[in-house]
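Summary of structural features
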Number of protein chains: 2
Amino acid sequence: MASLSDISRHAGVSIATCSRVLNGSAHPVSEATRRRVLKAAEELGYAPSALARALVTRSSRIIGVIVGDIVDPYFAEIARGVEAVGAELGYLTMVCSAELGSEAELGHLRQLRDYHAAGIVFAGSGRVDDPSAEALATAVEDARNRGSVVLALAQRDFEAPTILFDNEAAAHDITAHLRDRGHDRITFVEGPAGLHTSAQRRNGFLRAGGTDTIPGGFAYEDGCAAANQLLASGTLPDAIVAANDEVAIGVLTRLRDAGVKVPEDVSVAGIDDLRPAHFVGLTTVSVPLHEMGRRAAQAVLENGAQDVVLPHALAIRNTTR
Amino acid sequence: MASLSDISRHAGVSIATCSRVLNGSAHPVSEATRRRVLKAAEELGYAPSALARALVTRSSRIIGVIVGDIVDPYFAEIARGVEAVGAELGYLTMVCSAELGSEAELGHLRQLRDYHAAGIVFAGSGRVDDPSAEALATAVEDARNRGSVVLALAQRDFEAPTILFDNEAAAHDITAHLRDRGHDRITFVEGPAGLHTSAQRRNGFLRAGGTDTIPGGFAYEDGCAAANQLLASGTLPDAIVAANDEVAIGVLTRLRDAGVKVPEDVSVAGIDDLRPAHFVGLTTVSVPLHEMGRRAAQAVLENGAQDVVLPHALAIRNTTR
DNA sequence: TTGTAAGCGTTATCAA
DNA sequence: TTGATAACGCTTACAA
């Protein structure tokens, strides 16, 4: 691949001048030489080395989004938001999946730092009593020292501007809605143990006067399991709110398979309002994932951000009465 | 952040020596100095600049996976495969989502090339009569010249080793199975128009003696729409095979909502065997997505690959009789 | 076993 | 308006 010095030679112009025309610098260049450089670049198929550029400018046009699980549409929605605004300005948004836990997160963070990423966005929640919390905090600090903007889109145990919605309030509001509609006995299917987000949603549920709570997770199967447990217990609650949509759909499906009428016999609600919720007409709460992604990208472009909490909204559909 | 020269100064040792101990070079270094360097690095919190390293070695430890849509579990499965083997060897796998079509693909490809990515894997299929096909082919060529290994995991219109399964055969086999089970009138819900993959699956269906075919897509809603169309036509076929699982699930759901018994009245099958297929017990065909991802990563580590076609397998469950 | 120095491909400072 | 040239942080001959 042609480099600046190739162009320089080909066009009979200094490297500095070539650089100036090829990267749209403000420095004035005569129209004549500009054309010659452009022509040479065209002929030689010049493409700048982002590597070399990043090395000297100390920042590359990479935005890394560290997600908990790449198959989770929750994260996909965020990633799309980031990409939507990043792409406009020539940033490359890359999503790094850390399914293996915070060890993997740490690995991705370090690599992103080592590549001087312009932005590092943590899309997922931190874990309570995370053994690698300290190492993570240090690496975050290092990354910032290298010039990366680090953002948290959920509660984390390190210093970073946050772009959030209120998980506790979201869980509270849907539960309160159900109570308002006359449901007395409401069961909450919890999220994965140890995630801050799980705890927040659980707290919101409890604060709204929810009664029982059973272990769950964030996956469809967890919802099925929870429904089975409820079914086996012999007596169903008036309503079930699940830690997220996918679990709610698991519950819903299992219940209906077992001949339980939803919402006539029991109401079922989720949280997140992702695509699958539309498929089944699930009552849930809409959270601003895409907008969070957009704002995160803006924050890295603007090189910083204020903490912000974005609004959520109930999406009442037909799995609750 | 500390750099090599900081370490060098702090340890009273040349930069070259520091480099040698810090990057595990084969060049011999005395145990004593090695320790001093390590100690200095530790104290100063040294982290190498992947950028600088990549600039001189002409290859960075980045594997880019260009997918068609980051929310599609099809791609997620591939990405996981890549990541699984890439992570072991310290490669950073980043997925770039090109929902906006091949213009976006081109953008990602160029960026990955500009960052001297070690590997660039195209997870999704190319489009027939793609206007940016030529630009794409050129950029692929450039990337290869810069040392990137470029791989295709579906049919593409540029030169690259392929790691595939046989889409046509997959569609053929599931259709043939249905015929063997005595279904005569079989309808195929097509994939998105213009994708090579769609055409291949359609061809397989036809070759197996499938009769009718109606437009569809790759999304749940497309399946619903197709079911509606079938329902409206007044007469249902014996079986329906959809271009992928998600569409099949859309068909299935809509049909059942309309009171049609599946599989008693009509059989429904998909292709891909992704997670949702398990949720509903969908008959489908398992394709080796994860393995393709793994092989792709291996190929970049080994700096090249032979073309290979991986086997698929029928997964007969309970939406067909 | 250690060090010197020449790149890698840019950008940016300073003169001309 | 243009051009030398010194960084950026690292690897790697080549010398010592």
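Residue numbering note: each chain is counted from 1, following its sequence as written. To label them, take the chains in the order written and letter them from A, then take the ligands in the order written and number them from 1. Reporting in this predicted model follows two pLDDT cut-offs: at least 70 for local features of residues, and 80 or more for side-chain atom pairs to be given and counted; totals over whole chains, interfaces and linings ignore these cut-offs and use all residues. Only hydrogens and water are set aside when side-chain values are computed; all heavy atoms of the structure are taken into account.

Going by an unreviewed UniProt entry, chain A carries the name LacI family transcriptional regulator and comes from Solirubrobacter deserti.

1. A few points about the interface of chain B and chain A
Accessible area lost during the coming together of the parts is what is often quoted as the interface size. The partner chain A presents 44 residues to the 44 residues of chain B that form the contact. By buried area we mean the combined loss of accessible area, with a 1.4 Å probe, across both parts when two parts are placed together. For the pair chain B and chain A, the summed buried area comes to about 4,100 Å², and 62% of that belongs to carbon and sulfur atoms. The term salt bridge refers to a pairing of a side-chain nitrogen on Lys or Arg with a carboxyl oxygen on Asp or Glu at a separation within 4 Å. Inspection of the region where chain B meets chain A yields six salt bridges. One salt bridge connects Arg275 of chain B with Glu246 of chain A, and the closest N-O pair in it is separated by 2.6 Å. Whenever a nitrogen or oxygen atom comes within 3.5 Å of another N or O atom, the pair is scored as a polar contact, on the condition that within protein one atom can donate a hydrogen and the other can accept it, and that pairs from neighbouring residues in sequence are kept only if both atoms are in side chains. If you look at where chain B meets chain A, you find 18 residue pairs in polar contact (both at pLDDT 80 or more). Helix numbers and strand numbers start at the N terminus; a helix is a DSSP run of H or I with at least 4 residues, a strand a run of E with at least 2. Among the secondary structure elements, those contributing two or more residues to the side of chain B that touches chain A are helix H4 (50-57), strand S1 (60-67), helix H5 (73-88), strand S2 (92-97), helix H6 (102-114), helix H10 (220-232) and helix H12 (275-280) of chain B. Top element by residues in the side of chain B that touches chain A is S2 of chain B. It accounts for six residues. Each residue receives one of three labels: charged for Asp, Glu, Lys and Arg, nonpolar for Ala, Val, Leu, Ile, Met, Phe, Trp, Tyr, Cys and Pro, and polar for the others, Gly being one of them. Looking at the side of chain B that touches chain A, its residues break down into 24 nonpolar, eight polar and 12 charged. A contact between two residues is defined here by any heavy atoms of the two lying within 4.5 Å.

2. Some remarks on the packing of helix H8 (residues 167-180) of chain B against helix H9 (residues 196-207) of chain B
All names here are of chain B. In this analysis an axis means a line fitted to C-alpha atoms, helices contributing only their contacting stretch, and an angle means the value between N-to-C directions, from 0 to 180 degrees. Running from amino to carboxyl end, H8 crosses H9 at an angle of 35°, the nearest separation of the two axes being 7 Å. Pair H8 / H9 crosses with right-handed handedness. Between H8 and H9, the residues in contact are Asn167, Glu168, Ala169, Ala171, His172 and Thr175 and Thr197, Gln200, Arg201, Asn203, Gly204, Phe205 and Arg207, respectively. Its residues assigned to classes, the contact of H8 with H9 shows three nonpolar, seven polar and three charged. Note: crossing handedness is left-handed where the near helix turns anticlockwise from the far helix by less than a right angle, and right-handed where it turns clockwise.

3. Structural notes on the packing of aromatic side chains
All names here are of chain A. Centres within 6.5 Å are what make two rings of Phe, Tyr or Trp a pair, Trp counting through its six-membered ring; a difference in plane orientation under 30 degrees is then read as stacked, over 60 as edge-to-face, and the rest as tilted. Under the criterion given, the structure shown has eight aromatic pairs over all chains. Both rings, one in Tyr74 and one in Phe75, keep their centres 5.3 Å apart while their planes meet at 80°; by these two values the pair is edge-to-face. Residue classification places Tyr74 among the buried positions, given a relative accessible area of 11%. Think of it in three bands: residues with accessible area under 20% of the maximum for their type are buried, residues over 50% are exposed, and the middle band is partly exposed, with areas taken using a 1.4 Å probe on protein chains only. Phe75 gets classed as buried once you look at its relative accessible area, which sits at 10%. For the ring pair Phe188 and Phe205, a centre distance of 5.0 Å and an interplane angle of 25° mean the geometry is stacked. One end of the pair, Phe188, is in strand S6 (residues 186-189); the other, Phe205, is in helix H9 (residues 196-207), with 17 residues separating them in the sequence. Grouping residues by exposure puts Phe188 and Phe205 together as buried.

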